[in-house]
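Architecture and fold: a report
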Amino acid sequence: MKAAFASIAEVMKSGPVMPVIVIDRLDDAVPLARALVAGGVRVLEVTLRTPVALDAIAAISEAVPDAIVGAGTILNAHDLKTAGEAGARFGVSPGATTDLLRAARSNGWTFLPGVMTPSEAMKAVAEGFAALKFFPAVPAGGVQMLKAIAGPLPQLRFCPTGGISPATAPDFLSLANVDCIGGSWLAPRQLVEAGDWAAITALAAQASQLGSGV
Ligand SMILES: O=C[C@H](O)COP(=O)(O)O
Ligand SMILES: CC(=O)C(=O)O
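This structure is a prediction, so every number in the text was calculated from the model and none was measured. (Residues numbered from 1 in each chain as written. Chains lettered and ligands numbered in written order. Predicted model: local features only at pLDDT ≥ 70, side-chain atom pairs only at ≥ 80, totals over all residues. Heavy atoms only, no water.)

Around ligand 1 sit V20, R49, F135, T161, G162, G163, G183 and S184, and those are all the residues in its vicinity. In the environment of ligand 1, an oxygen atom lies 3.1 Å from a nitrogen or oxygen atom belonging to the side chain of R49. When ligand 1 is considered free in solution it has 300 Å² of accessible area, and contact with the protein chains removes 75% of it. Here the shell around ligand 1 is composed, by residue class, of two nonpolar, five polar and one charged. (Near = heavy atom within 4 Å. Polar contact = N/O pair within 3.5 Å; in protein donor to acceptor, adjacent residues only side chain to side chain. Areas by Shrake-Rupley, 256 points an atom, 1.4 Å probe, with all protein chains shown as cover. Nonpolar A, V, L, I, M, F, W, Y, C, P; charged D, E, K, R; others polar.)

In structure tokens form, the structure reads like this:
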């Protein structure tokens, strides 16, 4: 197992957009990762939603040393274990159970748990997690919800994900409690299927400039 990435704060500050990646064909994993890294996006969330996801994480870890590859769609302690064995350096979940939070903590994971409500956020804080994914961000209230949460819970840091586009990304990135956002638009299935790595590099390059005022 590779060492976990230093901290979730460091993962979240590595770039404005964390791509949420679904890999259907193992052969796409390495060229896709290289295309994203070439565009300046180093932190990659490979979701455990397809049969090849773990092998994809292993292949990227091995062949693309500049990528910081993590596993998304972690649902339980078993997912954490297999993702770690594949080489994932951090984990992301769409929601959180107490068992999952405790497993992540007791195994020293660099982990970004998903929450959608203040109560879920308070439970995550009680288990030692103050950096959280806000998922699904737009259906759950988007920018207005994040602003409202900042009142009573100003210590929380968020990576909103779900329903964000390049057009709405700056609104999220300008919030004081947001360190990065997540999105699948950097690795659209259609471009991956077509092997259009240049187009993916261009999307990554645009995304890596978001929030910089360029
Ligand atoms: O499952 C969805 C991912 O979290 C990303 O959402 P998105 O496709 O709206 O960017
Ligand atoms: C929602 C998300 O990013 C995940 O599946 O972990």
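Now that the structure has been shown, we can carry on.
For the rest of this paragraph, the subject is the packing of aromatic side chains. Under the counting rule described, the total for this entry stands at two aromatic pairs. On the numbers, 6.1 Å between centres and 75° between planes, the contact of F111 with F129 is edge-to-face. One end of the pair, F111, is in strand β5 (residues 111-112); the other, F129, is in the loop between α6 (118-126) and β7 (131-134), and 18 residues separate them in sequence. Each member of the pair, F111 as well as F129, is classed as buried. Measuring from ring centre to ring centre gives 6.1 Å for F134 and F158, while their planes differ by 65°; the resulting arrangement is edge-to-face. Of this pair, F134 sits in strand β7 while F158 sits in strand β8 (residues 157-160), and the two are 24 residues apart along the sequence. The exposure classification of F134 matches that of F158, with both residues buried. (Phe/Tyr/Trp six-rings, centres within 6.5 Å; stacked < 30°, edge-to-face > 60°. Helix = DSSP H or I, 4+ residues; strand = E, 2+ residues; numbered from the N terminus. Buried < 20%, exposed > 50% of the residue type's maximum accessible area, 1.4 Å probe, protein only.)

To continue, consider the layout of surface pockets. Its volume calculated, the largest pocket comes out at about 240 Å³. Lining the largest pocket we find 16 residues, and of these V20, V22, R49, G183 and S184 sit closest to its centre. Across the lining of the largest pocket, the residue classes tally to seven nonpolar, six polar and three charged. (1 Å grid on protein atoms, 1.4 Å probe; cavity = no way out; pocket = protein on both sides within 12 Å on 5 of 7 lines; lining within 4 Å. Points joined across faces, edges and corners; volume = space filled by probe spheres on them.)

The next point concerns the site of ligand 2. Within the structure, ligand 2 sits among E45, R49, G72, T73, V92, S93, P94, K133 and F135. The contact in question runs from an oxygen atom of ligand 2 to an N or O atom on the side chain of R49, over 2.8 Å. One of the side-chain N or O atoms of T73 is found 2.6 Å from an oxygen atom in ligand 2. Isolated, ligand 2 exposes 220 Å² of accessible area, and the fraction of that covered by the protein chains is 98%.

One open sheet accounts for three strands, arranged β6-β7-β8; its pairing is parallel. Whereas interior strands pair on both sides, the edge strands pair on one side only; in this sheet they are β6 (114-115) and β8. As judged from the two bridges shared by β6 and β7, these two strands associate in the parallel manner. Its bridge partner being in β7, V115 is matched across the sheet by F134. (Pairing = 2+ DSSP bridges.)

Okay, empty space enclosed by the protein next. For the structure shown, the criterion picks out one cavity of 30 Å³ or more. For the largest cavity, the calculated volume is near 70 Å³. Looking at the largest cavity, the residues that line it are V11, S14, G15, V17, M18, G40, V41, R42, V43, C180 and S208. Here the residues of the lining of the largest cavity sort into six nonpolar, four polar and one charged.

Contact pair helix α2 (residues 26-38) / helix α10 (residues 197-209): the axes reach a minimum separation of 7 Å and the direction vectors enclose 40°. Between α2 and α10, the crossing angle belongs to the class labelled oblique. Pair α2 / α10 crosses with right-handed handedness. Residues D28, P31, L32, A35, L36 and A38 of α2 pack against W197, I200, T201 and A204 of α10. Class assignment of the residues belonging to the contact of α2 with α10 gives a composition of eight nonpolar, one polar and one charged. (Axes fitted to C-alpha atoms, helices over the stretch in contact; angles between N-to-C directions. Parallel < 35°, antiparallel > 145°, perpendicular 65-115°, else oblique. Left-handed = near helix turned anticlockwise from the far one by under 90°. Contact = heavy atoms within 4.5 Å.)

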